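The chain contents come next:
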Amino acid sequence: MSTQMFEGKGHAAVYQKYRFAPGKELQQTILSYLQEKKAIPAELVVDVGCGSGQGTLFLAEHFQKVVGTDISEAQIQEARDSTSVPNISYLVCPAEELPFQDGSVGVLTSFTAAHWFDIGRFMSEAQRVLRPGGCVAISTYTVDMSLRYGHCSQQLTRIFRECWDQILKYSHNRLKFVLENYKEIFEALPFPDKKRITDIYDKIPMTVEGVLGYMESASPYQTFMKNDPEGAKSLLKETEKRMLETMGVSSRETPVEFWVRHVCVLGCK
């Protein structure tokens, strides 16, 4: 069964507000692979562990029918409430029990979620539901992020990472899959035609508020909040103060560049 970490309505709301869609470089990597494997067009695309639907929206731009699935009712409700796109529908279900017929899915995706799945059972479901020639695209962004702003990028990144390191102390042990660049997930993919790309870099337009909100949305921060709410809130407040002072600005709406590295596992049945 999937590890359930994003169940609460409050957490789902923060997740919907601050989590970002797949960046342009990751999008292009996935689309290029699917075109190469002639998986485009696909009649049905399923986005597993879709959360509040940021990745599902990207897929809807390129495919006729997209279904987002997630084990969290709160996340699915956020996805339904935040968008109304005619070719997207959402279902509440575990990643290991997908309600689709054998060989009915053209493309199966998962954005920053597969490390929460029971990997063996999920891969068996991927094998079952994908049609012959169908493809999977499983990606995550890693923890080595950086910020850029004027001449203080290095100092700003240091402040961010000091905060991030404190938050990551509360990480679930399944973060190991991310720290090893999805190597185990790649090895578990039951298709001989597969590859893993570990150096996809994307610039995500953000604000100071968005960066802090992203950290707040992370599952380790939510665990931090449960264990030490005052400490967790104080850490973000102090980090915001340090960031604004370093940048020489007063508004948390000030734009910054948020750079992330993606890892992507691709395969064709």
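Residues numbered from 1 in each chain as written. Predicted model: local features only at pLDDT ≥ 70, side-chain atom pairs only at ≥ 80, totals over all residues. Heavy atoms only, no water.

- By the naming in an unreviewed UniProt entry, the chain goes by TMT1 methyltransferase and is assigned to Serilophus lunatus.
- The UniProt entry for the chain carries the following comment under Sequence similarities (unreviewed entry): "Belongs to the methyltransferase superfamily." (UniProt positions renumbered as here; feature names shortened; annotations may be inferred.)

### Re the pattern of salt bridges
Thought 1: Throughout the structure, instances matching the rule amount to 13 salt bridges.
Thought 2: A salt bridge links K37 to E36, with the nearest nitrogen and oxygen atoms 3.8 Å apart.
Thought 3: Looking at E36, the relative accessible area reads 48%, which means it is partly exposed.
Thought 4: Ionic pairing is found between E245 and K241, a salt bridge with its closest N-O pair at 3.5 Å. (Salt bridge = Lys/Arg side-chain N within 4 Å of Asp/Glu carboxyl O. Buried < 20%, exposed > 50% of the residue type's maximum accessible area, 1.4 Å probe, protein only.)

### Some details on the packing of helix α6 (residues 153–168) against helix α11 (residues 229–247)
Thought 1: In contact at an axis separation of 9 Å, α6 and α11 are set at 175° when each is read in the N-to-C sense. When the interaxial angle is binned, α6 and α11 end up roughly antiparallel. Each of Q155, L156, I159, E162, C163, Q166 and I167 in α6 lies in contact with α11, whose residues at this interface are L235, L236, T239, R242, M243, T246 and M247.
Thought 2: Per-class residue counts for the contact of α6 with α11 are 8 nonpolar, 4 polar and 2 charged. (Axes fitted to C-alpha atoms, helices over the stretch in contact; angles between N-to-C directions. Helix = DSSP H or I, 4+ residues; strand = E, 2+ residues; numbered from the N terminus. Parallel < 35°, antiparallel > 145°, perpendicular 65-115°, else oblique. Contact = heavy atoms within 4.5 Å. Nonpolar A, V, L, I, M, F, W, Y, C, P; charged D, E, K, R; others polar.)

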